Amino acid sequence: MPILETVVCQTVKGKEARFERMVKSRVELSKRQDGCLASWYGISNSDEYLYLIQTAYDSIEKFHEIKKLLEDTLDSNDGGLESCLSGPPLLGLFEISKDSLNMAK
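Residues numbered from 1 in each chain as written. Predicted model: local features only at pLDDT ≥ 70, side-chain atom pairs only at ≥ 80, totals over all residues. Heavy atoms only, no water.

Enquirer: Help me out: how do you make sense of the sheet that holds strand E1 (residues 3–10) in this one?
Expert: Strand order in this open sheet of four strands is E2-E3-E1-E4, and the pairing throughout is antiparallel. If you trace the sheet from one side to the other, it starts and ends with strand E2 (36–43) and strand E4 (90–95), each paired once. The mean inter-strand angle of the sheet, taken between neighbouring strand axes irrespective of direction, is 10°. Judged from the eight bridges that link them, E1 and strand E3 (residues 50–57) form a sheet pairing that is antiparallel. Paired with threonine 6 across the two strands is glutamine 54, which belongs to E3. Where helix H1 (residues 16–31) meets the sheet, its contacts fall on E1, E2 and E3, and the angle it forms with E2 comes to roughly 165°. (Pairing = 2+ DSSP bridges. Helix = DSSP H or I, 4+ residues; strand = E, 2+ residues; numbered from the N terminus. Axes fitted to C-alpha atoms, helices over the stretch in contact; angles between N-to-C directions. Contact = heavy atoms within 4.5 Å.)

Structure, rendered in structure tokens:
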């Protein structure tokens, strides 16, 4: 069953540019991995420090595999996303259908 990871978080003022670069690198690395169906992020239109990050995986096993890769590859070099957050993120894992990832063209 595909899994959708959703993260809602807020950056510390003054760290938003660094945070966005870090998020972009994680999204791009995730998208290149076998088992990642899609990955994207967005910034709130009413709060420039509030981010939504979502990644869809083939399975919970692929989620764990890709998260471990990100941790080993990027977090160990840049300190991880948490270093730029103003507080704990809101995290969720959701079972989804592959059909829900089909986007209108």
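Enquirer: Sorry, what's going on with the nonpolar core here?
Expert: Within the largest apolar cluster, eleven residues are counted, these being Val7, Cys9, Phe19, Met22, Val23, Val27, Tyr51, Ile53, Leu81, Cys84 and Leu85. The set of elements that each furnish at least two residues to this core consists of E1, H1 and E3. For this core, the leading source of residues is H1, giving four residues. If we skip the residues at most four places from it in the chain, valine 23 touches Tyr41, Ile53 and Leu81. Judged by nonpolar contacts, the second largest core, of seven residues, contains Cys36, Tyr57, Ile66 and Leu74. (Core = buried A, V, L, I, M, F, W, Y, C linked by side-chain atoms within 4.5 Å. Buried < 20%, exposed > 50% of the residue type's maximum accessible area, 1.4 Å probe, protein only.)

Enquirer: Got a minute to help me understand H1 in this structure?
Expert: For an α-helix, the turn length of 3.6 residues means that residues three or four places apart are oriented alike. With 16 residues, H1 extends 22 Å between its outermost C-alpha atoms, agreeing within 8% with the 22 Å of an ideal straight helix rising 1.5 Å per residue. Its buried side turned inward, H1 meets E1, E2, E3 and helix H2 (60–78). (Expected span 1.5 Å × (residues − 1).)

Enquirer: I keep staring at the pattern of salt bridges and nothing clicks. Help me out?
Expert: Between side chains of opposite charge, a pair can form when the charged atoms approach closely. Throughout the structure, instances matching the rule amount to seven salt bridges. Glutamate 5 is paired through a salt bridge with lysine 67; the nearest N and O atoms lie 3.0 Å apart. Taken together, the positions of glutamate 5 in strand E1 and lysine 67 in helix H2 put the pair 62 residues apart, joining distant regions of the chain. Lysine 62 is the partner of aspartate 34 in a salt bridge, and the nearest nitrogen-oxygen pair spans 3.4 Å. Linking aspartate 34 in the loop between H1 and E2 with lysine 62 in helix H2, this pair joins segments that are 28 residues apart in sequence. Through salt bridges that share partners, Arg26, Asp75 and Asp78 make up one connected network. (Salt bridge = Lys/Arg side-chain N within 4 Å of Asp/Glu carboxyl O.)

Coordinates in, geometry out; function isn't part of it.
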